[in-house]
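One letter stands for each residue in the lines below.
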Amino acid sequence: ILACPEGAIARKNGGIVIEQRKCNLCGKCAEACLYEALEIAGREVTVEDILREVEKDRIFYEQSGGGVTLSGGEPLHQPEFLSELLEALRRRKIPVALDTTGYAPYEVLKKIAPLADVLLYDIKLMDDGKHKKYTHVSNALILENLKKLARKRKDVIIRIPLIAGINDDEENIQKMIEFLTPLQIPMVSVLPYHKGGTEKYKRLRKEAAFKTFMVPSEERIQEILDQLLSAGFKAQRGG
């Protein structure tokens, strides 16, 4: 309690509570906690910090033919850092996949994309109104960026995070197929929603902000995979 300079920690009803509105994430409470009940889950790193971690697994990349995947959040929101990291990985001949929502100015995407060996591009909803409802941004920039990107390279893999009752309906899937077909996309990966983030939100004491969605049925997942295959795409679950 005494370690918090903001007075965000207090005793209440026989226990310890943290007032999130007062917390500035300074980490002093975690440093003072002898039982490690509190911890900082993230930290700032340099490109060299990441490279040291990556090099530890180089033998696995070489044996498996795999590499590093950069995801987020949205990695394109840190374009300078991302560019520096990608260039460093290329110099070390370590393959890189970039996982993005495509929600960034095209000039950023145009500069970054050539530095990645594979592009994993998320598409969630084709209806702009629904996209705004669930993601709080329009899908116009995302779709336009994908069209421009597909003209320049043919190795973009589309990923569909699939959520029951949100984007697994027939209309959305059919509109996706119609949009992607002329772009000659080589692969579409279907990523069924899971509830793995529930525990993380509890640890962050943000249960109220976490909306639990429904996991799509196995039958519906297979139906969508079959639709994609019938439309001429290579399709897979996961990846």
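Here is a short report on the structure shown in this document.

**A look at the packing of helix H2 (residues 47–56) against helix H4 (residues 79–91)**
Between H2 and H4, the least distance of the axes is 10 Å, while the angle of their chain directions is 40°. Here H2 is positioned oblique relative to H4, judged by the angle of their axes. Like other packed secondary-structure pairs, H2 and H4 cross with a definite hand, here right-handed. Packed against H2, whose contacting residues are Val47, Ile50, Leu51 and Val54, the element H4 presents Phe81, Glu84, Leu85, Ala88 and Leu89 at the interface. Of the residues that constitute the contact of H2 with H4, the class distribution is eight nonpolar, no polar and one charged.

**Overview of unusual backbone geometry**
The amide bond that connects Gly72 to the next residue, Gly73, takes the cis arrangement and shows omega of 5°. Within the secondary structure, Gly73 sits in the loop between strand S3 (68–70) and H4. Phi angles above zero are rare outside glycine, and Leu25 is one such case at about 60°. As for its position among the elements, Leu25 is in the loop between strand S2 (15–18) and helix H1 (28–32). You will see that His136, though not glycine, has its phi angle at about 70°, which is positive. Secondary-structure assignment places His136 in the loop between helix H6 (128–135) and helix H7 (140–152). The class for His136 is exposed, based on a relative accessible area of 68%.

**Here we look at H4**
In this model, H4 (13 residues) spans 18 Å end to end at C-alpha, consistent with the 18 Å of a helix rising 1.5 Å per residue. The elements touched by buried residues of H4 are H2, S3, strand S4 (96–100) and helix H5 (106–112).

**Section: the packing of aromatic side chains**
This model, assessed by the stated rule, comprises one aromatic pair. Its end group placed over the ring of Tyr106, Lys148 keeps NZ or CZ at 4.9 Å from the ring centre.

**Topic: the pattern of salt bridges**
In the structure shown here, the tally under the stated rule is 16 salt bridges. The shortest N-O distance in the salt bridge between Glu55 and Arg58 comes to 2.8 Å. Residue Glu55 is classed as partly exposed on the basis of its relative accessible area of 32%. Under the relative-accessibility criterion, Arg58 is labelled partly exposed at 22%. Notably, a salt bridge pairs Lys132 with Asp128, separated by 3.4 Å at the nearest N-O pair. In this pair, Lys132 and Asp128 both sit in helix H6, four residues apart, roughly one turn of the helix. For Asp128, a relative accessible area of 26% puts it in the partly exposed group. Linked by salt bridges that have partners in common, Glu55, Arg58, Glu62 and Arg92 make up one network.

About the criteria used
- Residues numbered from 1 in each chain as written.
- Predicted model: local features only at pLDDT ≥ 70, side-chain atom pairs only at ≥ 80, totals over all residues.
- Heavy atoms only, no water.
- Axes fitted to C-alpha atoms, helices over the stretch in contact; angles between N-to-C directions.
- Helix = DSSP H or I, 4+ residues; strand = E, 2+ residues; numbered from the N terminus.
- Parallel < 35°, antiparallel > 145°, perpendicular 65-115°, else oblique.
- Left-handed = near helix turned anticlockwise from the far one by under 90°.
- Contact = heavy atoms within 4.5 Å.
- Nonpolar A, V, L, I, M, F, W, Y, C, P; charged D, E, K, R; others polar.
- Buried < 20%, exposed > 50% of the residue type's maximum accessible area, 1.4 Å probe, protein only.
- Expected span 1.5 Å × (residues − 1).
- Phe/Tyr/Trp six-rings, centres within 6.5 Å; stacked < 30°, edge-to-face > 60°.
- Lys NZ or Arg CZ within 6 Å of the ring centre and 35° of its normal.
- Salt bridge = Lys/Arg side-chain N within 4 Å of Asp/Glu carboxyl O.

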